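Given next are the chains, with one letter for each unit.
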Amino acid sequence: MAIVLMSVISIATSLYTIKKQYVMLHDMVAAHSIVRVSVCRANDEIEEAMSTDLVPGDVMVIPSNGTIMPCDAVLISGTCIVNESMLTGESVPVTKTNLPNPSPAEKGAEDDQVYNMDEHKRHTLFCGTNVIQTRFYSGELVKAVVVRTGFSTAKGQLVRSILYPKPTDFKLYRDAYLFLLCLVGVAGIGFVYSIVLSIMNQVPAKTIIIESLDIVTITVPPALPAAMTAGIVYAQRRLKRLGIFCISPQRINICGQLNLICFDKTGTLTEDGLDLCCVHRVENGSFHHTEENAYKESLVKSHFVACMATCHSLTKIEGQLSGDPLDLKMFEATGWILEEATEEETSLHNRIMPTVVRPPKQLLPEPVMSPEQDMELYELPASYEIGIVRQFPFSSALQRMSVVARLLGEKRMDAYLKGAPEVVASLCKRETVPQDFAEVLEDYTKQGFRVIALAHRRLESKLTWHKVQNINRDHIETNMEFLGLIIMQNKLKAETPGVLEDLRRANIRTVMVTGDNMLTAISVARDCGMIPPQDRVIIADALPPKDGQAARINWRYADNPSKHASKAATLEEVEISVEDSPEERKPKEQYHFAMSGKSFAVITEHFQDLLQKLVLRGTVFARMAPDQKTQLVETLQSVDYFVGMCGDGANDCGALKRAHGGISLSELEASVASPFTSRTPNISCVPNLIREGRAALITSFCVFKFMALYSIIQYISVTLLYYILSNLGDFQFLFIDIAIILLIVFTMSLNPAWKELVSRRPPSGLISGPLLFSVMTQILICLGFQTLAFLWVRQESWYEPWTPVSDACNTSSHTNLSENFTEIDEHNIMNYENTTLFYVSSFQYLIVAIVFSKGKPFRQPSYKNWPFMLSVLSLYMFLLFIMLFPVPAIDYVLEIVCVPFKWRLTIVVIVVVNAAVSVLVETLVLDVVLWKLAFSRDKQGSYGVLPAAPPPQGGLDYCGSKHFSWLCCQRRRVPKARYMHLAQELSVDPDWPPKPKTTTEAKPPSLPENGSYQIMSTS
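Note that the structure is predicted; figures quoted are calculated from it, not measured.

A.B. asks: How should I be thinking about the packing of helix α23 (residues 685-722) against helix α24 (residues 730-748) in this particular structure?
C.D. replies: Across the interface, α23 lies against α24 with an axial gap of 10 Å and an inter-helix angle of 165 degrees. Here α24 runs roughly antiparallel to α23, going by the angle between their axes. As for the relative orientation of α23 and α24, their crossing is right-handed in sense. Residues Cys702, Val703, Phe706, Met707, Tyr710, Gln714 and Val718 of α23 lie in contact with α24, whose contacting residues are Phe733, Ile736, Asp737, Ile741, Ile744, Val745 and Met748. Taken together, the residues that form the contact of α23 with α24 break down as 12 nonpolar, 1 polar and 1 charged.

A.B. asks: What is the right way to read the sheet that holds strand β1 (residues 36-40) from this model?
C.D. replies: Strands in a sheet are paired, the pairing made by backbone hydrogen bonds, and the direction either parallel or antiparallel. The sheet built from 6 strands is open, its strands ordered β2-β1-β3-β10-β5-β8 with antiparallel pairing. Two strands in the sheet have a free side with no partner beyond their single neighbour: β2 (46-50) and β8 (124-125). Strand direction decides the pairing type here: β1 and β2, joined by 5 bridges, are antiparallel. The residue bridging Val37 from the neighbouring strand is Ala49, located in β2.

A.B. asks: Where do I start with the pattern of salt bridges in this structure?
C.D. replies: As a working rule, side chains carrying opposite charge can pair if their charged atoms are close by. Counted according to the given criterion, the structure contains 23 salt bridges. The residue Glu283 makes a salt bridge to Arg281 at a minimum N-O spacing of 2.8 Å. On the basis of relative accessibility, which here comes to 34%, the residue Glu283 falls in the partly exposed class. A residue is classified by how much of its surface remains accessible, and Arg281, at 10% relative accessible area, is buried. Glu291 serves as the salt-bridge partner of Arg281, at 2.8 Å between the closest nitrogen and oxygen. Of this pair, Arg281 sits in strand β13 (residues 275-283) while Glu291 sits in the loop between β14 (286-287) and α8 (303-310), placing them 10 residues apart in sequence. Each of the two residues, Arg281 as well as Glu291, counts as buried.

A.B. asks: Explain the packing of α23 against helix α27 (residues 832-852) here, please?
C.D. replies: For any two helices packed against each other, the geometry is given by the interaxial angle and the distance between the axes. It is at 10 Å that the axes of α23 and α27 come closest, and there the two elements cross at 165 degrees. As far as their axial angle goes, α27 and α23 are roughly antiparallel. Considering the relative orientation of α23 and α27, their crossing is right-handed. Every residue of α27 that contacts α23 at Cys702, Lys705, Phe706, Leu709, Tyr710, Ile713, Gln714, Ser717, Leu720 and Leu721 is listed here: Glu833, Asn834, Leu837, Ser841, Gln844, Tyr845, Val848, Ala849 and Phe852.

A.B. asks: What is the right way to read the packing of aromatic side chains from this model?
C.D. replies: Here the distance between the centres and the angle between the planes together describe a pair of aromatic rings. Inspection of every chain in the model, using the stated rule, returns 17 aromatic pairs. What links up through ring pairs into an aromatic cluster is the set Trp792, Trp798, Tyr799, Tyr832 and Trp903. When the ring centre of Tyr591 is taken as origin, the NZ or CZ atom of Arg617, which lies over that ring, is 4.4 Å away.

A.B. asks: In this structure, what is going on with the environment of Thr207? I would like to understand it.
C.D. replies: Counting through the fold element by element, Thr207 comes out in helix α5 (residues 205-219). Counting along the chain gives 12 residues from Thr207 to Ile195, while the straight-line C-alpha distance between them is 9.9 Å.

A.B. asks: Explain the nonpolar core here, please?
C.D. replies: The nonpolar side chains of a soluble globular protein tend to be buried with one another. Ranked by size, the top nonpolar core spans 89 residues in total, and within it Phe706, Met707, Ile741, Ile744 and Tyr832 carry the most contacts. Of the residues forming this core, the biggest block, 19 residues, is contributed by α23. Excluding residues within four positions of it along the chain, Met707 makes contact with Pro221, Ala223, Leu224, Ala227, Ile741 and Val745. With 44 residues, the next largest nonpolar core counts Leu492, Ala525, Leu665 and Cys685 among its residues.

A.B. asks: Would you explain α5 in this entry?
C.D. replies: Residue pairs spaced three or four apart in an α-helix point in one direction, given the helix's 3.6 residues per turn. Taking 1.5 Å per residue as the helical rise, α5 with its 15 residues ought to reach 21 Å, and the 22 Å between its terminal C-alpha atoms agrees with that figure. For α5, the set of buried residues is Ile208, Glu211, Ser212, Ile215, Ile218 and Thr219. Down the axis of α5, the buried side of the element spans an arc of 120 degrees, and every buried residue falls inside it. Among the exposed residues of α5, those pointing more than 90 degrees away from its buried face are Lys206, Ile209 and Ile210. Among the structural elements, α4 (171-200), α23 and α24 are those in contact with the buried residues of α5.

The rules behind these values
- Residues numbered from 1 in each chain as written.
- Predicted model: local features only at pLDDT ≥ 70, side-chain atom pairs only at ≥ 80, totals over all residues.
- Heavy atoms only, no water.
- Axes fitted to C-alpha atoms, helices over the stretch in contact; angles between N-to-C directions.
- Helix = DSSP H or I, 4+ residues; strand = E, 2+ residues; numbered from the N terminus.
- Parallel < 35°, antiparallel > 145°, perpendicular 65-115°, else oblique.
- Left-handed = near helix turned anticlockwise from the far one by under 90°.
- Contact = heavy atoms within 4.5 Å.
- Nonpolar A, V, L, I, M, F, W, Y, C, P; charged D, E, K, R; others polar.
- Pairing = 2+ DSSP bridges.
- Salt bridge = Lys/Arg side-chain N within 4 Å of Asp/Glu carboxyl O.
- Buried < 20%, exposed > 50% of the residue type's maximum accessible area, 1.4 Å probe, protein only.
- Phe/Tyr/Trp six-rings, centres within 6.5 Å; stacked < 30°, edge-to-face > 60°.
- Lys NZ or Arg CZ within 6 Å of the ring centre and 35° of its normal.
- Core = buried A, V, L, I, M, F, W, Y, C linked by side-chain atoms within 4.5 Å.
- Expected span 1.5 Å × (residues − 1).
- Arc of directions from axis to C-beta.

Taken by themselves, the reported measurements are silent on function.
Here you go:
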């Protein structure tokens, strides 16, 4: 009955937890997807409808106060300001304009384009994104045509990956089932043994059935699930105290195996946005000294400050400036004021109504009268305002943006340009670019700064307001004058470098997966120590097939190769150690791969053979879409990494759910999908989670081993007693199961995690050399000492088959007490063998509990676990007391018979020797000798996966089988983990890593031999 009750409670708890998670996920989806919308019908009638009733082709009205988009739709009229952080992770409001509408004469022309979601992203409102504000002109409504709904949308695919993730497999649970099957096999042997023995001794059929089934329940402990759960529950409580909440407790154990962590960048590794570090202006073709900011009276009317104040895409939302964080910081540094036309003004005018910027009055100098007042910018009247006439938005392909602006009272307009320094310099007159431009730029980038260059050009007087609206940007962005550099810093969170260093020391590899710019991501990776300063970064630029050309990858260095000129030769021969002695052979130079989301998509589709090799060294993945983050996690898992993911945005949800251990730093959407949510908004939660995961995993091993030994010890006792047609008594079973086992199991799991991360990882499965050796040796020791006690007691001079009138102690009190059992003891419970084995086995449970309850390097020592120590000492004292100083009432309840005091001392000696042998074998032989010689994971080579890469998961089994193959199920001559196997192959590949300025082309389908790609050198 107790077994059935425990099983029902365990199953009900699991079902409740799973059901609760699904309800939370569905509520999140429903809250964001089911809203009321206005739909345009025939004759321009507006009809209210539920978003679930929308179909592609419907024309919906976007409300002026904003909404969360329930579908993918393309704007056909008006303008929207949208926060797309759900998709990109970057909280940057983006301006969406309506789809260009060709005139009737142009329709059907050759250059008339068909709508494409990728090409027309600037006109598309994506499902789940937040429309903050809308703008309309001449009284028109802001309308959008529905193009995708439900699971077809980008958010729908994300939700699908959250609701129906691929199952996460873990070796511990597979091995646990295998181990239980072994116990079932042992139980089967005992089952047959008991039947045969009972039949031979003509035992009644009823007794045969009861005793045969009894041995099955003894061997396969029904309390095992509850015992395993206890350690996880305690770990969950400890995590909660650390501010980490868990909705999937089974993942805690898996976190103990994590050897690679993917980090989002913005808001995770770094603070949100950028900070202005300094400005470096150019005067007369040479750099001026650096200045902390541009908020100065002397600079207020300079072109440099005018460029900072106008060249951006900022807008006002509810009176607050909003836009790209870089633009925002740059504009705020000037101290200028931005004024936009109101909705009433825009509805009365056309869309050319300009945005105006002006400096605060306190920065304006007193007007200076001069004969050349109309010629010099810095001597203009005090009413100083600049109107932004035309914007050419930032293009990631062009790496720049520009604006055409006009100073109030001036006839001629000015063009201002900002962008990547190399790009801006190439568009400027050569004489305006300082000669030491490259050296200064390199110095800043080495320090991890984000550098933006500014330029200016005075436009021709013939360019009128209306002509500017139709001019191509190429006519504007040429023959510019170089103004200088703005130095921006994406500040790391204070905890980031220290945490990454801790992970590196623990041989846990770190990877950055971000929706941000590639160069910024590489800069941050270097700044936080993810990429050491001396290491190379190789960018993989993959291009899809086009115009009959096969897909290709162009390889180039992220840094200027001149920086590493002295190391050029060493890169030709990158050596990767695959031995267990990294001190003997060290890599000459380390390298890292970086790629964008577009390149990742091309490589995934056209270079499948190359993908796994790239992720082996891939450290920076930039501009990654939400589904690509999930694909990357799956790819890393496919090469046998245990992957953790740490992010803070809704765009990380899929990856957080798919990873072995997902940690959300946000309590919004991401926390619903993620198994773990941290209240601490920085990555210090990651090592805490891994430490607790390792402690929980070791606790699970300890509990599993203890429960296995408990079953086997009791199985041995019962099997030996069956030989004399005896058994343990009901209260003996009860005392062992309740007073000893449950008390020990629920206190031995209380050991807290070790205070720091170590480089060694615990084994991932039960079927491994150390664990098998530990369990098998303890079984043999317990079997030996129980058998010794069983045979020894039968050889004693005072021994005789026990009867109610036996008096081995020569005491009349026990003889009289024994007479009470004359009619009760039908099952031959009371005898000298039973009493001896009960005492010996009771002590053996406590011995293996202490032996298996290990501390360092994954858990705190057992002596710090006071409930466990108190329980063990109390039980030791109680057992010694009732054995050496018999209490008739206790002996009566436990059905113990009296034995001579000399034999009691002999039992004490047997127990002490048993304890000494068990401790010696476990601590000295296993932990010191065998672990260091055969099972050591401290001497792992780098296996070609960076210094911070983890030791191989299969390394433990690999080394173990090399020296002690008889302990393992199968001989393994190569590393079991696939990423180690790949690293071994690449270490002897002369063409790896790809050299800079080479191209890898995908082979046509007709030429599949020797791989799917070939490397060509292009200079």
